[in-house]
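The primary structure of each chain is shown beneath.
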Amino acid sequence: MGKRLFLYSHRRMAITGDDVTLEEIIPISYDFSVVEVSSPDELAVVGADTRVRVTFLEEDLELKLPFGSHSRLFLAEVNRAWSDVCEQYPKREPKFDWLSKYRKVSRGARPLRKMSAKMSQKSGRADSSGQKRGDERSGGDQSQQRVKGEARDGLIRNSQHILSNKDQMLGMPQFGLRDNLIKCELLKSEDNYTYIQNYSFFLGTYNVNGQNPKESLSPWLASSAAPPDFYLVGFQELDLSKEAFLFNDTPKEPEWMLAVYKGLHPDAKYALVKLVRLVGIMLLFYVKAEHAAHISEVEAETVGTGVMGRMGNKGAVAIRFQFHNSDICVVNSHLAAHTEEFERRNQDFKDICRRIQFGQDDPTQPPRTIMKHNVVLWLGDLNYRISDLEVDHVKDLIAKKDFETLCNYDQLKRQMDEEVVFVGFTEGEIDFQPTYKYDTGSDQWDTSEKCRVPAWCDRILWRGKSIKQLNYQSHMALKTSDHKPVSSLLEIGIKLVNEESYKKTFEEIVRRIDRQENDCIPSVSLSQREFHFQDVKFMQHQAQTVTVLNDGQVPCQFEFIQKLDEPAYCKPWLTANPSKGFLAQGASVDIDLEVFVNRSTAPELNSGLQQLEDILVLHLERGKDYFISITGSYLPSCFGSALSTLCLLREPIQEMPLQTVRELSMKSSQASNSETDRPQEIPKELWMMVDHLFRYAKKQEDLFQQPGLRSEFEEIRDCLDTGSLDTLPGSNHSVAEALLLFLDALPEPVVPFCFYTLCLDCSADSSQCRQMISILPQCHKNVFNYLTAFLQELLKHSAHNRLDASVLGPIFAGLLLRSPTKQDLTEKRKAKEFFQHFLTDLDVHEKPPE
């Protein structure tokens, strides 16, 4: 078919496929050429647009490309495509017969067109809502392509004087550095060329309790007199089915999307910019059509904070975007439930802030976190409750509308006052009654057996300057759920650019940069070059900081680079944040060196095959390399150790010499006739966790679904690894999560990888499934039977713990029957079906060993 160039146009920001028009398909053949035609006057101003003429099939087309590395990358890619055509078809012209149906009447030279400033470092694909998602980032600046063939020489001669002029001004090798310096200086001078204009933002949150939309959402979404400029609408518990939890797919997404669209204010036209969902947590972003052209850099991220810190029944979704010259981040979160779990909610908040990171268009810049935005808007079912008051007293205060007194007992207010969570955030005064919990379909407080204490679970907060709340209310008219929806109307001051002031500021910055000594070699000084991490434990963060100071005469770019024959700049248990960046003259940056041993790195550290040793190479663009030494001592753990090894350990793993553990790891794969080397039936650590749950948690609600506390997991891990206690500390939920983490961290799962495909193939036949388990290695078979017997025992108490096979099946199937590669949906379903046989056929279960 040959190579071709597709040109699209749009009248405003491209939000749906209907907003984009295919203007031209240009074949890249021998007579194709791209020549810069900018005048010398235009080239004299750094930052001016570049004009190019594209010649093809006896037609000319002039394009105006925006200033920046994106345009340079685009031209390099086009020229490379032309070179590839010349190599691929050395003796014949490539055919483009398929283009005939797209051809238009020849129009000669075309008028000048302005190409989009987002000359995309991303490739996009349309998602279910019609917007584009960035799938992957470009690998950075492309080197200039080598000249091939006389025709290519001719093209370069035609534009050589322009390239030379550009080189004098920007310097090709230093283009990214100079570009970053201009951005940095522009950011410092932002007040000189921006002014504030107010826009209205409607924020809404609604926990719909797995219900379908049964009533109009207009009383909630169209409650303001004037149509807001922005809608940011969050839902929680969109779908409570096990299928949504396991496969992250739900038919309720389009149903609620349609309900929202119909409920928007009728006096304005809105466009859907972005949708993001994690299981039942969904966030919709609508904007007035006339503002769409000023929205850019739209990114979405999700993070699960449920069991094992990954499951999406709790967590957050976030959207960040640029509007004019302000960057905004919106977070919709569903935090841990139950009155006593406020510490877990605090932990969820911190995890969300740490783990949500948005990639940037500029590959030299580190990911952007939530708090690195001008404006942060946070909404959702935060689940903070009213505590230390009896339910009747709470209802009495509500009846008197004494919300001020009631707020003194609100957990979120207390935690914010203590500066434990949401530091720097503001919430408006609450003058509406609690939004949870009601009998579905009514305004009556919970009359179930649990008789939940009313609480303000559903909240909206903000962080940033020039923000004024116009309204904060609940909407009692909606009765679909056991929650009431909440809305907040905010007036936010957005920074707009004065084009004339911007141009003047830009030119002053460029002239100042030109006066700098560009031929100076950059240099930095490091606060420390050797770091030691003492007593590193499984899944426990340790961090130290190195300060990098630019003590040279020029700005510099730094980056940690790979060493020879190594896949990354550091070992997988180590990260440097940021790993790359830009430093103005005299500026400094704190780089966090973080050590974290997880399921993938623990096995070799436990067995002594790897040590905590690495050397980081900090490279300066056009400068020298600096070396940072990292060492550490790792305390081996039962988490991440093989079942066969643990069955041979007679003492806690940290009580045994590392050399002994290494020898036992090697011996575990070999049969032994020695009585002293004869393995235990199951690891004692696994027995302690299961025995604890068997004794104390058979009637525990939400077991394996409600996360535990990280601090309690650390106590449990230390207890198992050192044998310091006879009984496990922590709540039942923490012990249950520790058990799941133990199974997840096994280097070889309970059903070894070599049996994985065989098990899936026989998943429909119960007897074949049992036959497969019977041929597992002995310790793996013992553990499988032990765990299934325990789970069957839990199911006997389903009237109390509300567990059933559809809950336990997906959770344990994904751990006991892990794939050596990423599981697809079909494999997940087969693994669930395989394991389901062992939960439902209760006549063959065994009692858990005492």
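Keep in mind that what you see is a predicted model, and the values were worked out from it rather than measured.

The rules behind the values
- Residues numbered from 1 in each chain as written.
- Predicted model: local features only at pLDDT ≥ 70, side-chain atom pairs only at ≥ 80, totals over all residues.
- Heavy atoms only, no water.
- Buried < 20%, exposed > 50% of the residue type's maximum accessible area, 1.4 Å probe, protein only.
- Helix = DSSP H or I, 4+ residues; strand = E, 2+ residues; numbered from the N terminus.
- Pairing = 2+ DSSP bridges.
- Axes fitted to C-alpha atoms, helices over the stretch in contact; angles between N-to-C directions.
- Parallel < 35°, antiparallel > 145°, perpendicular 65-115°, else oblique.
- Contact = heavy atoms within 4.5 Å.
- Nonpolar A, V, L, I, M, F, W, Y, C, P; charged D, E, K, R; others polar.
- Phe/Tyr/Trp six-rings, centres within 6.5 Å; stacked < 30°, edge-to-face > 60°.
- Core = buried A, V, L, I, M, F, W, Y, C linked by side-chain atoms within 4.5 Å.

> Is there a simple way to think about the pairing of strand 14 (residues 315-323) in this case?
Remember that side chains alternate between the two faces of the sheet whenever the strand is regular. Within strand 14, nine of the nine residues are buried, leaving the element largely enclosed by the surrounding structure. Of the two faces of strand 14, the one lined by Gly 315, Val 317, Ile 319, Phe 321 and Phe 323 and the one lined by Ala 316, Ala 318, Arg 320 and Gln 322 are each fully buried. Where strand 13 (residues 295-304) and strand 14 come together, eight bridges link them in antiparallel fashion. Residue pairing for strand 14: Gly 304 is matched across the bridge by Gly 315. In this structure, strand 14 lies alongside strand 15 (residues 326-334), joined through nine bridges in antiparallel fashion. From the neighbouring strand, Phe 321 faces strand 15, where its bridge partner is Ile 328. Hairpin remark: strand 14 followed by strand 15, antiparallel, with two residues in the connecting loop; positive phi at His 324, about 55 degrees.

> What am I meant to see in the packing of helix 16 (residues 684-696) against helix 21 (residues 778-795) here?
In helix packing, the relevant descriptors are the interaxial angle and the interaxial distance, both defined with respect to the helix axes. Following both chains from N to C, one finds helix 16 and helix 21 inclined at 10 degrees, their axes separated by 11 Å at the closest point. The angle between helix 16 and helix 21 places the two elements in the roughly parallel class. Here Leu 686, Trp 687, Val 690, Asp 691, Leu 693 and Phe 694 of helix 16 come into contact with helix 21, specifically with Val 783, Tyr 786, Leu 787, Phe 790 and Glu 793. Of the residues belonging to the contact of helix 16 with helix 21, the class tally is nine nonpolar, no polar and two charged.

> Would you mind going over the packing of aromatic side chains with me for this structure?
Any two aromatic rings considered together are summarised by their centre-to-centre distance and by the angle between their planes. Overall, the coordinates contain 32 aromatic pairs when judged by the stated rule. A ring pair is formed by Tyr 199 and Phe 323, whose centres lie 4.9 Å apart and whose planes are at 80 degrees; its orientation type is edge-to-face. Taken together, the residues Tyr 199 in strand 9 (residues 194-207) and Phe 323 in strand 14 connect sequence positions 124 residues apart. In this pair, the class of Tyr 199 matches that of Phe 323, namely buried.

> Which parts of the structure should I look at to understand the nonpolar core?
Grouped together as the largest cluster of nonpolar side chains are 106 residues, with contacts concentrated most on Leu 593, Phe 704, Phe 742, Leu 743 and Phe 812. Ignoring any residue separated from it by four or fewer positions in sequence, one finds Leu 743 in contact with Val 750, Leu 787, Phe 812, Leu 815, Leu 816 and Arg 818. Counting residues in each nonpolar core, the second largest holds 47 residues, with Leu 283, Val 330, Ile 467 and Leu 496 among its members.

> Where do I start with the sheet that holds strand 24 (residues 542-550) in this structure?
Two orientations exist for strands paired in a sheet by backbone hydrogen bonds: parallel and antiparallel. The antiparallel open sheet is built from four strands, whose spatial order is 22-24-28-26. Each edge of the open sheet carries a strand with a single partner, namely strand 22 (524-526) and strand 26 (574-577). Strand-to-strand twist of the sheet, defined as the mean angle between neighbouring strand axes without regard to direction, takes the value 25 degrees. Pairing of strand 22 with strand 24, which is carried by three bridges, proceeds in the antiparallel orientation. Paired with Ser 525 across the strands is Leu 549, a residue of strand 24.

> I'm lost on the sheet that holds strand 27 (residues 580-583) in this one. Help?
The strand order across the open sheet built from five strands is 23-30-29-25-27, with neighbouring strands paired in mixed fashion. Edge positions in the sheet fall to strand 23 (530-536) and strand 27, since each of these pairs with one other strand and no more. Direction aside, neighbouring strands of the sheet carry axes that sit 20 degrees apart on average. The pairing of strand 29 (residues 612-620) with strand 30 (residues 625-634) spans eight bridges and is classified as antiparallel. Along strand 30, the bridge assignment pairs Leu 616 with Ile 628.

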